[in-house]
Amino acid sequence: MRRRTIALLLIPLLAQGACTGSPPEPTVAGAFGARPTVVFPAGRPAAGLRIHELAAGQGATLEQDDLAIVQYTAHVWDGGANRLVDSSFNRGAPAAFPVGRLLPGLDRALRGRRVGSRVVAAIPPGDGLRDELVYVVDILGVHGADATVEADGGSLAGVRVTGDSRPRLTVPRTAAPARFAATVLSRGTGPATQTGQHLVAQYAGAIWDGGRVFDSTWSTGRPKSFTIGDGSVIRGWDRALLGVPVGSRVLMIVPPADGYGASGHPPSGIRPQDTLVFVVDVLAAY
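Residues numbered from 1 in each chain as written. Predicted model: local features only at pLDDT ≥ 70, side-chain atom pairs only at ≥ 80, totals over all residues. Heavy atoms only, no water.

**Overview of the environment of G59**
- Its place among the elements puts G59 in the loop between β4 (50–55) and β5 (67–76).
- Exposure remark for G59: the relative accessible area of 23% places this residue in the partly exposed category.
- In sequence terms G59 and V142 are 83 residues apart; their C-alpha atoms lie 8.9 Å from each other.
- In this view, G59 contacts R114 and V115; residues no more than four positions away in its chain are not counted. (Helix = DSSP H or I, 4+ residues; strand = E, 2+ residues; numbered from the N terminus. Buried < 20%, exposed > 50% of the residue type's maximum accessible area, 1.4 Å probe, protein only. Contact = heavy atoms within 4.5 Å.)

Below is the structure:
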């Protein structure tokens, strides 16, 4: 997914209704989607939550329970070092912000904004943590709870998947295959996924022995995101999803060596010997 490049002026952050006598606020410069430069004034911040939209996007609107994909930086504003405390730019990949589950001040700053916007929020301790925080957030994309791909059903090694927008997995009562296998049930029309990209997906996972679904974004009500190709996910996902066009539905069978290995995953009830089955809808890649 291509990011818009927008030249942003050096603009001070202002509270709504602020008067000319208000204490000075940070200035932010840089292009949308690129690491911003934040210059802090001398002294400590003014009271209250202050929000400014430096660039107004024209994309979809962020709503409660959406998953926003963003680039951001966050500083503590203490009137001294004003240190950087977090940055997606330093990690080399965008971040996922679940709208409605963020710091209260950050939620207020982002809800109702559009994709393509750069938002700056100065968040007082009452709306965040114990320190005054300044966030600069570029909204790259948004994905709702019902986001899906148009896809067909299909099968692989006896596993069947329906063609619904919320596909159902049916696992046969036979011995699990010994080898990894994957197939693209429906091929999307977007760009092929690449190593290091941040993928957004809907998925369901089941344990072959018994067919129990142990995780499903369609059930939890929000897509999930992850970085592909760098070991952030199990090896089976890297093998199955790298190079797949965005908009695809993928079915995979993951033996322990390509899954959670000898340790299993006790929180999900996955034993070391369990083979797993996943159906994954690739919604976007950033």
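Once you've had a look at it, read on.
**Brief notes about the pattern of salt bridges**
- What the rule picks out here adds up to 14 salt bridges.
- The partner of R50 in a salt bridge is E25, with the nearest N and O atoms 3.0 Å apart. Placement of R50 in strand β4 and of E25 in the loop between β1 (7–12) and β2 (27–31) is noted, with a sequence separation of 25 residues between them.
- Under the relative-accessibility criterion, R50 is labelled buried at 1%.
- Residue R271 is joined to D274 by a salt bridge in which the shortest nitrogen-to-oxygen separation is 2.8 Å.
- For R271, a relative accessible area of 36% translates into the label partly exposed. (Salt bridge = Lys/Arg side-chain N within 4 Å of Asp/Glu carboxyl O.)

**Observations concerning the sheet that holds strand β11 (residues 159–161)**
- Taken in spatial order, the three strands make up an open sheet running β10-β11-β12, and their pairing is antiparallel. Looking at which strands have only one partner, the edges of the open sheet turn out to be β10 (154–156) and β12 (169–170).
- Across three bridges, β10 lies against β11 in antiparallel orientation. By the bridge assignment for β11, L156 is matched with V159. (Pairing = 2+ DSSP bridges.)

**Quick notes on the pairing of strand β9 (residues 133–143)**
- Most of β9 is tucked away, with eleven of its eleven residues classed as buried.
- Direction of pairing for β5 relative to β9: antiparallel, over a ladder of ten bridges. Considered in β9, the bridge of A74 is made with Y135.
- Sheet analysis places strand β8 (residues 118–123) next to β9, joined by six bridges and oriented antiparallel. For A122, the partnering residue across the bridge sits in β9 and is V134.

**Things to note about the layout of surface pockets**
- Roughly 270 Å³ of volume is contained in the largest pocket.
- What lines the largest pocket is a set of 14 residues, among which Y203, D215, V233, W237 and Y260 lie closest to the centre.
- Broken down by secondary-structure element, the contributors of at least two residues to the lining of the largest pocket are β15 (213–216) and β16 (224–227).
- By residue number, the principal contributor to the lining of the largest pocket is β16, which donates three residues.
- A class-by-class count of the residues in the lining of the largest pocket yields eight nonpolar, four polar and two charged. (1 Å grid on protein atoms, 1.4 Å probe; cavity = no way out; pocket = protein on both sides within 12 Å on 5 of 7 lines; lining within 4 Å. Points joined across faces, edges and corners; volume = space filled by probe spheres on them. Nonpolar A, V, L, I, M, F, W, Y, C, P; charged D, E, K, R; others polar.)

**Re unusual backbone geometry**
- Here D65, not a glycine, exhibits a phi torsion of approximately 75°, which is positive.
- Position of D65 relative to the elements: it lies in the loop between β4 and β5.
- Under the relative-accessibility criterion, D65 is labelled partly exposed at 36%.
- Here the phi dihedral of N82 falls at roughly 50°; this positive angle occurs in a residue that is not glycine.
- Within the secondary structure, N82 sits in the loop between β5 and β6 (84–87).

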